[in-house]
Every structure is written in structure tokens, then in C-alpha cells.
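Per-entry structural report
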Amino acid sequence: MDLELRHLKTIRAIADAGSLTKAATALGLAQPALSAQLKRIERALGGELFERGRSGVRATALGEFVLARARIVLPAVSGLQEEAARFSRVWQDRRGFRLGGTHGPLLGALVDRLAAAHPDRPVSTYTSWSERDIAAQVADVRLDFALIGTCGASTPPESERLVWREVARDPVFVMLATGHPWAGAAEIELAELAGEAWADVPGDGCFGDCFTAACARAGFTPSSVYETDTASCVHLVQVGRAVGLCRATFPPTAGIVTRPLAGAPLYWRHLLGWHPETYAHDTAAAVLAHARAAHAEAAARSESYSAWLASPARPFP
């Protein structure tokens, strides 16, 4: 039998009470059960711990040795438990938010809102073009939250291990140089851009396939698609080398206008994901509310998206 803390507590209770009967009462045990337990403890320690007499029990030399250690160990363990509980409460109060996100304006806005709402909690970020990478890191508890997007109604990654909630859904807009012939249009038929080169940011979802399918429905195949980072996409659009695909919340940028595609042939869902068995689950509702508020603020900053949202005839699922 291995010696446990409860055995040390039993030895101390017997010594403090001075008799097995009184110790059994204090411990809430029957006296025969306590006697049997003491015998098992003594066998484990190699000798008798108490001498039995008419007046009660008295510690043997071995008993005094064990009691001396028990009176050090038991308060130390009790203190450890109390300090660990205090540390845990403080740590939970100060624990930050580890966010992972793909490209887009919402991650920065969410960081800003969380930092303002919780100035005593650190906020850290991890960015990647890969939604699967970010979701896997949340599933493995290396991140607390994933802020990603999926094309249309497609299933987000790690859906069996993570909880996903929709932040918002946006139509996909196009970015045009301010001097582009269609820059002044309220909306643009996708077929009108059949002769253009395209630019977008890569991902590992189905957006590329969905865009190709939308073009096919509009009667053309894109001549070329530049997949590159956001800054390069913006540059290619500004210099007239391509038109870009973007989220409707794309922030106002010099030299560029964003316009909706007629009929909203493509749309994007912003999603927040977390692991249901971690600390993040307790704060998810608040983080989701901040993410939705960040999206609303981003939408309000876009004149073209605000106008689209105000249109009663907007085609949107």
C-alpha cells in the first residue's frame, strides 16, 4: 500500500485525540474501521505507530518520527492548495486572449475592442492565409479563438472539435481603380468584367472554385488570377493591372473604389471558433459580441457597402 495524505491525517488525528475511539468520532468512522486502517498503515510503514493502553494510545518512536514529518507535510500541502487556488483565480482574471485570424479588417478591430474592454489582459495575435492552420491551432489549444471566413455555406475546418458561430455574412465586392470605366456604377454585372485580369488573396477553402463557377455561369473563364497578399492586390488594382475580389467591409483606400456585383453571386461568412472544453468557452459570448460590433463598425465605414445594405432589393441569402 502506498502512503497517502489521508493516512498522515489519520495518524495525526489519533495522536491529537489520544484514543482510537475519540479519533474515530472526529474522523466520522467506526472504531473497528479505524483500527483496521491503522494496522494497514503500520504494515506499510514497517512497525507500530502507537502503543495501546487502558488510558488510550501513545506514539512509539516510529510514531513520533512519522508525526514529526506529518506535522510539516500536512500544513505545507494545505498551504499549497490555498496558494494554488489564489493563483488560479488571479491567473483567470488576468488571462488574455490569443487570437488567430486570416487577412481582413476584423482581426485588428477585434483586438482594439478587447484591449479597450479588458486593459489588464494581454491580447496576442497569429495570422495566416490558411484557415485550416488557424483552426488546428485552436483545436490543439495553442490559440483561444479563430476568426476566419468561409465561402458561402461551406463547412469550416475542425468542425468536429470546435464550436463555430457566425459573426456576419457579406457579399463579395470588386475593387476597381478610381479611373476604371465601371468605377462610377452602383453595381456591376460579373459578365461586364469578363476581359479583366483578377487579383485576390489565397486561402485553402473553396473560394477559388466558387469564383470560377460564378464566372462560368456569367459566360466566361477568367484570363488570369493573381493570388497574392493584400498589399499587392491593392497595388495591382491601383495601377490598373487587375480588378480585385474583396470583402464588402474592405476599408476605404486611396485610388480604389469597391462595388457590389449584381445578384451577389458570391458571399463570405465571417466565423468565430473556439474549443468547447477550454477557458475560451467561458468568454466566447463576449468575444463574439465584440466581433459582431467590429464588423458593424467596418460595414459603416464603407460607403458602397452601407448603400448596398440600405437597398431594399439586395439579393442575399
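Predicted model, so just to flag it, every value in this text is computed and none were measured.

**Some points on the pattern of salt bridges**
What the rule picks out here adds up to eleven salt bridges. A salt bridge links Arg 6 to Glu 4; the shortest N-O distance between them is 2.8 Å. We classify Glu 4 as partly exposed; its relative accessible area is 37%. The shortest N-O distance in the salt bridge between Arg 58 and Glu 51 comes to 3.2 Å. Look at Arg 58 and you get exposed, because its relative accessible area is 59%. Taken together, the salt bridges that share partners define one network made up of Asp 140, Arg 142, Glu 158 and Arg 161.

**Overview of the packing of helix H2 (residues 20-27) against helix H3 (residues 31-45)**
The interhelical angle for the contact between H2 and H3, taken along N-to-C directions, is 105°, at an axis separation of 9 Å. Classified by the interaxial angle, the pair formed by H2 and H3 is roughly perpendicular. Residues Leu 20, Thr 21, Ala 23, Ala 24 and Leu 27 of H2 touch H3, and the partners they reach there are Gln 31, Leu 34, Ser 35 and Leu 38. In terms of residue class, the contact of H2 with H3 is built from six nonpolar, three polar and no charged.

**A look at unusual backbone geometry**
You will see that Val 141, though not glycine, has its phi angle at about 65°, which is positive. Considering the arrangement of structural elements, one finds Val 141 in the loop between helix H6 (131-139) and strand E5 (145-151). On the basis of relative accessible area, Val 141 is assigned to the partly exposed category, the value being 36%. The phi dihedral of Glu 158 falls on the positive side, at around 55°, and the residue is not glycine.

**Overview of the domain arrangement of the chain**
The domain boundaries assigned to the chain delineate domain 1 (5-92) and domain 2 (97-310). When each unit is reduced to the centre of its C-alpha atoms, the spacing between domain 1 and domain 2 is 63 Å.

**A closer look at H6**
For H6, the tally of buried residues reaches seven of nine residues, placing the bulk of the element in the interior. Taken together, the buried positions of H6 are Glu 131, Ile 134, Ala 135, Ala 136, Gln 137, Val 138 and Ala 139. As for H6, its buried residues are in contact with strand E3 (97-101), strand E4 (123-127), E5, strand E6 (163-177) and strand E11 (267-274). Where H6 ends, the next residue or the one after it, Val 141, has phi of about 65°, a positive value.

**Remarks on the environment of Thr 212**
Position of Thr 212 relative to the elements: it lies in helix H7 (residues 207-217). Taking the C-alpha atoms as reference points, Thr 212 and Pro 222, ten residues apart in sequence, are found 7.4 Å from one another.

**Here's the deal with the state of the cysteines**
Considering all chains together, one arrives at zero disulfides under this definition. No disulfide involves Cys 215; its sulfur sits 11 Å from that of Cys 210, the nearest cysteine. What makes Cys 215 buried here is its relative accessible area of 0%.

**Brief notes about the packing of aromatic side chains**
Counting across every chain of the model gives five aromatic pairs. Taken together, a centroid distance of 5.8 Å and an interplanar angle of 80° make the contact between Phe 173 and Tyr 305 edge-to-face. Taken as a pair, Phe 173 in strand E6 and Tyr 305 in helix H10 (residues 303-310) lie far apart in primary sequence, 132 residues in all. Accessibility expressed as a relative area gives 0% for Phe 173, which makes it buried. Tyr 305 sits in the buried class, given a relative accessible area of 2%.

**Description of the packing of helix H1 (residues 5-17) against H3**
Remark: H1 packs on H3, axes separated minimally by 11 Å, with the N-to-C direction vectors making an angle of 115°. Considering their axes alone, H1 and H3 lie roughly perpendicular with respect to each other. Considering only the axes of H1 and H3, their crossing is left-handed. Side by side, H1 and H3 meet where Arg 6, His 7, Thr 10, Ile 11 and Ile 14 of the first sit next to Leu 34, Gln 37, Leu 38, Ile 41 and Leu 45 of the second. Classifying every residue of the contact of H1 with H3 gives six nonpolar, three polar and one charged.

**Quick notes on a nonpolar patch on the surface**
Residues Leu 5, Ile 72 and Val 73 make up a contiguous nonpolar surface patch of roughly 240 Å² in combined accessible area. Residue position: Leu 5 is located in helix H1.

**Quick look at the UniProt feature "domain: HTH lysR-type" (unreviewed entry) in the chain**
UniProt annotation of "domain: HTH lysR-type" (unreviewed entry) refers to residues 3-60 when read in the numbering used here. Between the end C-alpha atoms of residues 3-60 there is a gap of 18 Å, over a span that is 62% helix and 14% strand.

**Topic: the pairing of E6**
For E6, a buried count of twelve out of 15 residues is recorded, marking the element as mostly surrounded by other parts of the structure. When E6 meets E11, the two strands line up antiparallel, connected through eight bridges. Of the residues in E11, the one forming a bridge with Arg 165 is Leu 272. Sheet analysis places E6 next to strand E9 (residues 243-247), joined by four bridges and oriented antiparallel. Counterpart to Phe 173 in the pairing with E9 is Cys 246. In this structure, E6 lies alongside strand E10 (residues 256-260), joined through five bridges in antiparallel fashion. Paired with Val 174 across the bridge in E10 is Arg 259.

Rules behind the numbers
- Residues numbered from 1 in each chain as written.
- Predicted model: local features only at pLDDT ≥ 70, side-chain atom pairs only at ≥ 80, totals over all residues.
- Heavy atoms only, no water.
- Salt bridge = Lys/Arg side-chain N within 4 Å of Asp/Glu carboxyl O.
- Buried < 20%, exposed > 50% of the residue type's maximum accessible area, 1.4 Å probe, protein only.
- Axes fitted to C-alpha atoms, helices over the stretch in contact; angles between N-to-C directions.
- Helix = DSSP H or I, 4+ residues; strand = E, 2+ residues; numbered from the N terminus.
- Parallel < 35°, antiparallel > 145°, perpendicular 65-115°, else oblique.
- Contact = heavy atoms within 4.5 Å.
- Nonpolar A, V, L, I, M, F, W, Y, C, P; charged D, E, K, R; others polar.
- Domains from an automatic or database assignment.
- Disulfide = S-S within 2.5 Å.
- Phe/Tyr/Trp six-rings, centres within 6.5 Å; stacked < 30°, edge-to-face > 60°.
- Left-handed = near helix turned anticlockwise from the far one by under 90°.
- Patch = residues over 30% accessible without salt bridge, like charges linked within 9 Å, V, L, I, M, F, W, Y side chains within 5 Å.
- Areas by Shrake-Rupley, 256 points an atom, 1.4 Å probe, with all protein chains shown as cover.
- UniProt positions renumbered as here; feature names shortened; annotations may be inferred.
- Pairing = 2+ DSSP bridges.

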